[in-house]
Each structure stands twice: as structure tokens, then as C-alpha cells.
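# Inside the fold
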Amino acid sequence: MFCKENFGTKIGILGGGQLAQMLSRSAKRLGFGVEIFSDEANPCSNLDANITVSDFNHLEEIQHFAKKCDFITIETENIPSGTIKFLEEQSPKKITTSSSFVEISQNRIKEKKFAQSLGITTAPFSVVKSHHDITTFFEENGASILKTATQGYDGKGQTKITNKTDISTIPLNVQNTQYIIEKVIDFHFEVSVIATKQGENLVIFPIPHNIHSEGILRESHIYGKISKQIVDMVSLCAKNVSKHIQHTGTFAIEFFVVEDSIIFNEMAPRVHNSGHFSQNLCNVCQFENHIRAITNLPIIQPKLLHYGKMVNIIGRDIHNLDNFLNANTVQCQAFENSDNFLDKPNNFIHLYGKSFAENRKMGHVNIID
Ligand code: ADP
Ligand code: MG
């Protein structure tokens with residue numbers, strides 16, 4: 001299978017962020033070439049791949065890109081579904097994620113309706129078209145979160161509502177934007193399931209306990225403390241979803257845990273931040289299994305090798321890291337315990353090479369216990 005001639009095989013990735021970067025590294029390690037299509041002029045600086053910068057709606061450019069690739073995958077659900085449909089028509093053997101799965105995952109309303117259609121519990125929700133709709137929902141459900149139905153990530157596009165009198169001041173742009181309102185779930189903790197699908201075969205990674213603040217994932221813990229009952233429920237849910245999607249590769253589902261039940265939050269038709277721990281804690285990572293799945297190599301049953309956690313380096317955390325690298329004396333503030341993590345042999349640092357912005361994910365550290 002791995003002969004010299006096959007090393008000309010190229011994987012195309014739509015999107016140029018850190019997920020593309022890490023997919024690309026796994027692909028290269030398996031001997032594949034990588035082409036990236038990014039709609040941002042400044043994607044991750046160290047993508048280590050050929051990059052096309054253009055609009056995802058520019059179908060001529062997409063076609064030109066597709067010609068260079070043997071397989072095409074995505075790193076974000078925010079690819080116009082028309083573009084995926086175009087690839088399904090023009091290059092059906094190359095595109096590995098379906099427009100139907102992308103369309104559902106990129107819209108919170110469709111996503112929740114999809115989950116409910118499979119018998120999976122979601123938070124109570126309603127589609128919002130006016131301030132009156134928000135008031136009606138709030139009166140019935142109490143504390144709620146208004147979210148844009150599309151394009152949101154890292155808590156962006158979300159407004160928490162705890163007070164009825166604030167509702168009239170919330171800016172709504174119903175001409176151009178779809179909104180959903182959800183009841184705030186008083187969860188015990190959050191978990192996700194990361195799974196890789198290849199035909200009928202589905203493998204599931206160890207289940208992380210995820211800690212968010214201000215809507216952004218901060219840490220994913222793998223300490224084997226989640227009850228078997230919860231692990232079984234989220235695994236069953238992944239299997240259920242897997243049977244009803246057209247997809248090849250890794251996907252993820254986020255849940256709230258309330259007592260001994262789970263509530264579906266959202267899903268992603270791609271590798272996921274809460275699966276980054278697999279790079280250093282497992283025998284195979286989510287990126288490699290994704291590349292294996294789409295290139296028809298055998299996917300690997302993930303096994304946990306070490307307990308540990310993944311900690312995101314967000315916004316200013318990166319400056320502390322810079323200070324440490326330059327001066328070698330400054331304590332890194334990235335963690336609540338101000339651990340100085342650069343000199344620890346069990347800390348695996350992954351930096352994305354992105355320009356600085358507040359609240360931007362700049363890298364992560366996998367810490368083996
Ligand atoms: P994003 O696409 O930005 O990740 P999410 O819907 O996952 O959007 O929201 C981000 C985080 O905000 C969640 O992981 C959770 O911590 C909190 N959150 C979102 N919706 C709810 C909800 N209905 N109840 C309680 N917390 C929520
Ligand atoms: Mg989320």
C-alpha cells in the first residue's frame with residue numbers, strides 16, 4: 001500500500017486554521033501531500049502545505065483546487081453547503097464529508113431538530129423572529145441563551161438572558177440572521193464524544209470532561225472519572241448519529257450532563273478541540289484517524305495510554321509563553337496554578353502560529369499525568 005508511487009496522493013483541506021494544520025501534519029506523517037484552501041489571507045503561519053487563498057464561493061477556484069487533490073475534507077462546518085454540493089457533483093469520489101451533514105451541523109436549529117428526530121434529548125429551544133418571541137420563551141423557561149443559528153463559535157453570537165427587562169435592548173437583525181433561543185441548562189458538567197467513521201465502522205475516543213468559561217473551551221480532562229453509565233450513553237448517541245449521517249472521518253458531539261442523563265448541545269462534522277488530548281494521551285489521534293478514514297487506510301481503535309488533560313492557550317496566555325521563551329525566568333500564567341510548563345517533560349506544547357487576538361485559540365498543551 002505504501003509504495004513510492006502512492007506518495008503522490010494529495011489531500012485537500014477546506015479551511016486554513018489550526019485544525020487544518022494538525023490534519024496536515026498527520027497526513028504528511030502518513031506520506032501524503034496536502035493542499036489547503038483558505039478564505040483568510042493570513043491562515044496559520046506554519047501550515048506546511050500548498051495554500052490557495054480565495055472565497056469558498058468561488059467555484060472556478062474550487063474546481064481548480066479539486067483537480068490537484070485525490071481526497072477533499074473540511075476543517076470547519078462553515079463551508080457554504082453549495083460548495084460541498086458542487087464538489088459532490090464534480091468530484092464525488094474525492095469529497096469525503098456530505099453537504100447534508102454540513103448543512104445540519106452549521107445551523108443550530110437544524111442540528112437540534114436532527115437530534116430530536118433520532119430520539120436524543122436537547123435543551124428546550126425555539127426559533128426567534130422578534131423580541132416578542134424572546135419574551136414568550138423567557139416567560140416559559142426562565143434563564144435562556146439567544147444564539148445566532150449559524151456562524152457561532154467559542155461562544156460568539158450568544159447573549160445570556162436572565163432579566164426580562166433587558167430583552168428589549170438586545171440587538172436583533174432578523175432580516176439577515178437566523179436566531180435560536182435555548183433554556184440555560186443547569187448542568188453538572190460537560191462532555192463530548194469524538195468518533196471516527198469509515199463506512200459501517202465507528203471507533204470512539206476516550207470521553208473527555210470539558211471545562212468552558214465565557215463559552216470557550218479551556219480544558220479537557222481525561223481521568224477516567226466519568227461514570228460508565230454516561231460513557232455508554234454518549235457512545236450510544238455517537239453510534240445513533242453515525243448511522244444517520246453521510247460522512248467519512250472524525251466527528252464530534254458535545255453534551256451537558258445533568259445528574260445521570262445527557263443533553264445534546266451541538267455537533268461538528270470534523271475534528272474537534274476537545275479531541276486534541278488524543279495527540280499525546282492515546283495510541284492514535286483524532287487527526288490521524290481522520291486521514292486514515294478518508295484515504296481508505298484502516299482506522300485504529302483508540303486506546304488511552306495515559307491519564308491527563310489538554311489546556312488551551314487562549315489570547316494573552318501566549319504572551320506569557322513568549323516571555324518565558326525569551327527570558328527563561330518568567331513564570332507562565334497559562335494555568336490557574338501558574339505552573340511553569342515549558343520545562344516539564346510530560347507537557348506537550350502545540351502552537352498554531354496565528355496572529356494574536358484576545359480570546360483567540362493560540363495553541364494548546366497536552367499534559368500527561
Ligand atoms: P459554540 O459553537 O460557541 O461552542 P455552544 O452552544 O457549544 O457554542 O456554547 C458554548 C458553551 O456555552 C457551551 O459549551 C456551554 O458551556 C455554554 N452553553 C451553551 N448553551 C448552553 C445552554 N443551553 N445551557 C447552559 N450552558 C450553555
Ligand atoms: Mg460548543
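The structure contained in this document is the topic of the report that follows.

### Thoughts on helix H5 (residues 108–117)
Within H5, the full set of buried residues consists of Arg108, Ile109, Glu111, Lys112, Phe114 and Ala115. Near the N-terminus of H5, the side chain that reaches the backbone nitrogen of Ile109, with its oxygen 2.8 Å away, is that of Asn107. Taken from the residues just after H5, Gly119 is the one with a positive phi, measuring 80°.

### Describing the packing of helix H1 (residues 18–29) against helix H9 (residues 286–294)
Put simply, H1 and H9 touch, their axes get as near as 8 Å, and they point 65° apart. The chirality of how H1 crosses H9 is right-handed. Contacts between H1 and H9 pair Leu19, Met22, Leu23, Ser26, Ala27 and Arg29 from the former with Phe287, Glu288, His290 and Ile291 from the latter. Its residues placed into classes, the contact of H1 with H9 shows six nonpolar, two polar and two charged.

### Brief notes about the site of ligand 1
Every one of the 20 residues lining ligand 1 counts as a neighbour, but Lys147, Gly155, Ile185, Glu190 and Glu266 are closest to it. Taking Arg108, its side chain carries an N or O atom lying 3.0 Å from an oxygen atom of ligand 1. Take Glu190: an N or O atom from its side chain is 2.6 Å from an oxygen atom of ligand 1. The protein chains hide 90% of the 540 Å² of surface that ligand 1 would expose on its own. In terms of residue class, the shell around ligand 1 is made up of six nonpolar, six polar and eight charged.

### A closer look at the coordination of the magnesium ion (ligand 2)
With distances of 1.9 to 2.7 Å, the protein atoms coordinating the magnesium ion (ligand 2) are Glu254 (OE), Glu254 (OE) and Glu266 (OE). Residue Glu254 is found in strand E13 (residues 249–258), and its partner Glu266 is found in strand E14 (residues 261–268); the two are separated by 12 residues along the sequence. The class of Glu254 is buried, set by a relative accessible area of 11%. Classification of Glu266 as partly exposed rests on a relative accessible area of 21%.

### Some points on the packing of helix H2 (residues 59–68) against helix H3 (residues 81–90)
One way to put it is that H2 packs onto H3 with a least axis distance of 11 Å and a crossing angle of 45°. Here H2 lies oblique to H3, going by the angle between them. Seen from above, H2 lies across H3 with right-handed handedness. Within the contact between the two elements, H2 uses Leu59, Ile62, Gln63 and Ala66 and H3 uses Thr83, Phe86, Leu87 and Gln90. Classifying every residue of the contact of H2 with H3 by side-chain character gives five nonpolar, three polar and no charged.

### Brief notes about the sheet that holds strand E8 (residues 179–183)
If you trace the four strands from one edge of the open sheet to the other, you get E5-E8-E6-E7, paired in antiparallel fashion. The open sheet is flanked by strand E5 (125–128) and strand E7 (158–161), the only strands paired with a single partner. The average angle at which neighbouring strand axes cross in this sheet is 25°, direction not considered. Pairing of strand E6 (residues 144–148) with E8 involves five bridges; the strand directions are antiparallel. Counted as the bridge partner of Ile145 is Glu182 from E8.

### Some details on the pairing of strand E9 (residues 189–198)
Judged by how many residues are buried, E9 sits mostly within the fold: 10 of 10 residues are covered. On E9, burial covers both faces: Phe189, Val191, Val193, Ala195 and Lys197 on one face and Glu190, Ser192, Ile194, Thr196 and Gln198 on the other are all buried. In this structure, E9 lies alongside E13, joined through nine bridges in antiparallel fashion. Paired with Ser192 across the two strands is Glu254, which belongs to E13. Direction of pairing for E9 relative to strand E10 (residues 201–204): antiparallel, over a ladder of four bridges. If you follow Lys197 over to E10, its bridge partner there is Leu202. The hairpin turn running from E9 into E10, its antiparallel successor, is two residues long, and Gly199 in that turn takes a positive phi close to 60°.

### Let's talk about the packing of aromatic side chains
Under the criterion given, the structure shown has four aromatic pairs. Considering the side-chain rings of Phe37 and Phe56, the 5.6 Å spacing of their centres and the 25° angle between planes classify their relative orientation as stacked. With Phe37 in strand E2 (residues 33–38) and Phe56 in the loop between strand E3 (50–53) and H2, this residue pair connects regions lying 19 residues apart in the sequence. Of the residues examined, Phe37 reaches a relative accessible area of 0% and is grouped as buried. Relative to Phe65, the ring of Phe37 has its centre 5.4 Å away and its plane inclined at 80°; by these criteria the two rings are edge-to-face. With a gap of 28 residues between them, Phe37 in strand E2 and Phe65 in helix H2 connect regions that are remote in the sequence. Its relative accessible area of 1% is what places Phe65 among the buried residues.

### Some remarks on the pattern of salt bridges
Inspection of every chain in the model, using the stated rule, returns 14 salt bridges. Between Arg270 and Glu77 there is a salt bridge, with its nearest N and O atoms 2.5 Å apart. Taken together, the residues Arg270 in the loop between E14 and helix H8 (278–281) and Glu77 in the loop between strand E4 (71–74) and H3 connect sequence positions 193 residues apart. Taken individually, Arg270 and Glu77 each receive the classification buried, so the pair is uniform in this respect. The closest approach of N and O atoms between Lys85 and Glu103, which form a salt bridge, is 2.8 Å. Highlighted residues: Lys85 in helix H3 and Glu103 in helix H4 (residues 99–105), separated in sequence by 18 residues. Lys85 gets classed as partly exposed once you look at its relative accessible area, which sits at 37%. Residues participating in the shared-partner salt-bridge network are Lys10, Glu35 and Lys68.

Cut-offs applied
- Residues numbered from 1 in each chain as written.
- Chains lettered and ligands numbered in written order.
- Predicted model: local features only at pLDDT ≥ 70, side-chain atom pairs only at ≥ 80, totals over all residues.
- Heavy atoms only, no water.
- Buried < 20%, exposed > 50% of the residue type's maximum accessible area, 1.4 Å probe, protein only.
- Helix = DSSP H or I, 4+ residues; strand = E, 2+ residues; numbered from the N terminus.
- Polar contact = N/O pair within 3.5 Å; in protein donor to acceptor, adjacent residues only side chain to side chain.
- Axes fitted to C-alpha atoms, helices over the stretch in contact; angles between N-to-C directions.
- Left-handed = near helix turned anticlockwise from the far one by under 90°.
- Contact = heavy atoms within 4.5 Å.
- Nonpolar A, V, L, I, M, F, W, Y, C, P; charged D, E, K, R; others polar.
- Near = heavy atom within 4 Å.
- Areas by Shrake-Rupley, 256 points an atom, 1.4 Å probe, with all protein chains shown as cover.
- Donors = N, O, S within 2.8 Å, 3.2 Å for Na, K, Ca; no water.
- Parallel < 35°, antiparallel > 145°, perpendicular 65-115°, else oblique.
- Pairing = 2+ DSSP bridges.
- Phe/Tyr/Trp six-rings, centres within 6.5 Å; stacked < 30°, edge-to-face > 60°.
- Salt bridge = Lys/Arg side-chain N within 4 Å of Asp/Glu carboxyl O.

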